[in-house]
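Architecture at a glance
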Amino acid sequence: MTERYYVTTPIYYVNAAPHLGHAYTTIVADVLARYHRLAGVKTFFLTGTDEHGDKIVKAAEEAGQSPKEYVDMISALFSDLWPKLNISNNDFIRTTDEAHKDVVRMILSRVQEKGDIYFSEYEGLYCFGCERFYMERELVDGKCPDHQEEPTVIKESNYFFRMSNYQDWLIDHINRNPGFIRPERYKNEVLSFLKEPLEDLCISRPKTRLSWGITLPFDEQYVTYVWFDALINYISALGYPDGDLFKANWPVAQHLVAKDILKPHGIYWPCMLKAAGIEPYRHLNVHGYWNINEGKMSKSLGNVVKPLELVDIYGLDAFRYFLMRDMVFGLDSEFSEEALIGRINADLANDLGNLVSRSVSMVYKYFKGEAPKPGEAATADLDLKGNALETIEAYSRYMNELAFHKALISIWDFIGKVNKYIVVTEPWVLAKSDRGRLPTVLWHVMKSLKIISVLLWPVMPETAEKIQGLLGLSRKGEELKLQDIGDWTAGAFEGPVSKAPHLFPRIDAEKKQGPEDQKKKKTPKAQPMISFQDFQKLDLRVGTVKAVEAIPKSKKLIKLTVDIGEERTVVAGIVEHYNEADLVGKQVILVINLEPVKLMGVESRGMVLAAEDESGVHLLVPDSETVPGSKVR
Ligand code: MSP
């Protein structure tokens, strides 16, 4: 194992709140970081947010905010979520950080000086969702395979990176370094893509079309293409070029991504690094998708799972365990709450939970919680020791191979063996008939629990530390190194042992999904109390909708002309729920003294009131015809 470890997640787009897919990659990175720290390896773990580009500007417009306000808000959703998922990142980078922008400009200048950037006119097929040009052959039925939308033909003058200069070098590098892109299937995917001539990469966007980005150091009229900007985060966060963090960590860099962003990471990024005279990263680790009903989970498909909702119901460690246990790294997996409940009841409540509670209860009962001293080992004890050492070895091997599900299976096999050891040695019988042997047996059980807790720590840090607390260990968590636990002469525990709690209560699947629970989950939190004077500041009026106009390119917004005694233009996010015919002539309730905002280029001078529940959006309406402009109290 190397002396250092550097792992990164993708930096997530701030056009939407974090979902289960983002949580998965970040938890995998966290598990790897914790595992390496446990093995005594100095570790640096980086995550962050990707904040420039078209997508973000559009989302900000839809939210009626400036790009800066919007990215600050969504980036905070990510940085606030990670501590709640026990993510132990060492840094959180934002591409709007000045230090990052400086490094992007430095790299651009360097590549340009080398002669690898040229200016040219280009006409191509552009997917706004992916923010990149597509080649015909990459489309499926003429559509972007990720967004299922037909790309737009765009013709403009731009700067291009001579990626094609590096095609032969990249093929050679991948072939010489077998683990460069892994698992194998993704390496093959990249190699097969590289069989065709590589097109140069368009790395600029004219400011006339997009101004939210990093200005090119050699042309004020252009901003940097978001991928050329974003990939550089992996070195700018380390203080490239002179930072100590860069010097120490870059030579061992490993990236974690899902297959959606294989191409930028497997092709653009190594070529960019090579052009800038920087060593390539060591590994690109690629995983599959969490699917829902066999389709990819994504904001655009409207089927996202929110991590904190699951954590609130099932607990953080159960959630982390499930994600690591139920996905084979590299392949897709189907997410379902039933599968999660199944894992909790079988693996956590039954196997692990019962082992901890029965073992600790026996020490508590037979030795008043004091640590028993072991005597001479019998065959069963030696077998258990053998199993423990094999488990540690298999677990480490699987973790290094990113086979997390197998690492967990090896722990659970061992849990099964310890449970069996208890059944065979019958400590409850020994307590009556052989007090001499009892301490040896319980010492072995406690030693096994200590080992299990250490192996669990990367995936389930809270549970591991709880078990270590029950064992009365003075060192916990990261302080208990992987190398030490195989030492059979060292103590199992220091005591006194505490009374055992139920670590994982069983979950009643029926009850969990009952209507009461659903209701509790969905009711929004109450706002703080306000005074009557505060309420009176709102100018609420009845209005009659006179005309309705679609807003081009907006999926949600619609322009309404409303009569409130005078005519007002109001933009409302109700397209998915009401059509034009429903709206014209309808009376609505408006807030008319909100500061005007520009949404998708249309100035909105008021807000229509509506309620939202699972079935959709419902406009508030007077229950009989009311004179337009009447006040609402
Ligand atoms: N901003 C770019 C990445 C730039 S990195 C220099 C981006 N952002 S993203 O917000 O779209 O995040 C994509 C990543 O989120 C995936 O590569 C994966 O890590 C994670 N996932 C998003 N949806 C996922 C699933 N349904 N399943 C598993 N992981 C998923 O792309």
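Please read all numbers here as calculations on a predicted model, not as lab measurements.

**A closer look at the pattern of salt bridges**
This model, assessed by the stated rule, comprises 24 salt bridges. The partner of R343 in a salt bridge is D347, and the shortest N-O contact between them spans 3.0 Å. With a gap of 4 residues between them, R343 and D347 both fall in helix 13 (residues 337-367), about one helical turn apart. Between D539 and R541 there is a salt bridge; the shortest N-O distance is 2.7 Å. On the basis of relative accessibility, which here comes to 16%, the residue D539 falls in the buried class. Salt bridges here are not isolated pairs; linked through shared partners, they connect E51, K68, D72 and R94.

**Some points on unusual backbone geometry**
In this structure, the amide linkage connecting R182 to the following residue, P183, adopts the cis form with an omega of -5°. In this structure, P183 sits in the loop between strand 8 (181-182) and helix 6 (184-193). The amide bond that connects Y240 to the next residue, P241, takes the cis arrangement and shows omega of 5°. Topologically, P241 is positioned in the loop between helix 8 (233-236) and helix 9 (244-249). The backbone phi angle of D141 is positive, close to 50°, even though this residue is not glycine. On the secondary structure map, D141 appears in the loop between strand 6 (132-134) and strand 7 (152-161). The backbone of K368 sits at a positive phi, close to 50°, despite the residue not being glycine. Residue K368 is classed as exposed on the basis of its relative accessible area, which comes to 72%.

**Describing the packing of helix 12 (residues 316-326) against helix 18 (residues 461-470)**
As a packed pair, helix 12 and helix 18 sit with axes 8 Å apart at the nearest point and diverge in direction by 120°. Relative to helix 18, the element helix 12 lies oblique. Across the interface between the two elements, L316, D317 and R320 of helix 12 pack against P461, E462 and T463 of helix 18. Tallied by class, the residues present in the contact of helix 12 with helix 18 amount to 2 nonpolar, 1 polar and 3 charged.

**Focus on the confidence of the model for the chain**
Here the chain averages 92 in pLDDT, while 95% of its residues score no lower than 70. Overall, residues 513-519 carries pLDDT values under 50, and its contacts beyond four positions in sequence, including any with other chains, amount to 6 contacts.

**Digging into the pairing of strand 1 (residues 4-8)**
For strand 1, the buried fraction is high: 4 of the 5 residues fall into the buried class. The pairing of strand 1 with strand 3 (residues 42-50) spans 5 bridges and is parallel. Within strand 3, the residue paired with T8 across the bridge is L46. Sheet topology places strand 1 next to strand 13 (residues 253-258); 3 bridges connect them, and they run parallel. Residue pairing across strands places Y6 opposite A253, the latter belonging to strand 13.

**Looking at the sheet that holds strand 18 (residues 540-550)**
Pairing is antiparallel across the open sheet formed by 5 strands, whose spatial order is 20-19-18-21-24. Every interior strand has two partners, whereas the edge strands, strand 20 (567-572) and strand 24 (607-608), have only one.

The rules behind the values
Residues numbered from 1 in each chain as written. Predicted model: local features only at pLDDT ≥ 70, side-chain atom pairs only at ≥ 80, totals over all residues. Heavy atoms only, no water. Salt bridge = Lys/Arg side-chain N within 4 Å of Asp/Glu carboxyl O. Helix = DSSP H or I, 4+ residues; strand = E, 2+ residues; numbered from the N terminus. Buried < 20%, exposed > 50% of the residue type's maximum accessible area, 1.4 Å probe, protein only. Axes fitted to C-alpha atoms, helices over the stretch in contact; angles between N-to-C directions. Parallel < 35°, antiparallel > 145°, perpendicular 65-115°, else oblique. Contact = heavy atoms within 4.5 Å. Nonpolar A, V, L, I, M, F, W, Y, C, P; charged D, E, K, R; others polar. pLDDT = per-residue confidence, 0-100. Pairing = 2+ DSSP bridges.

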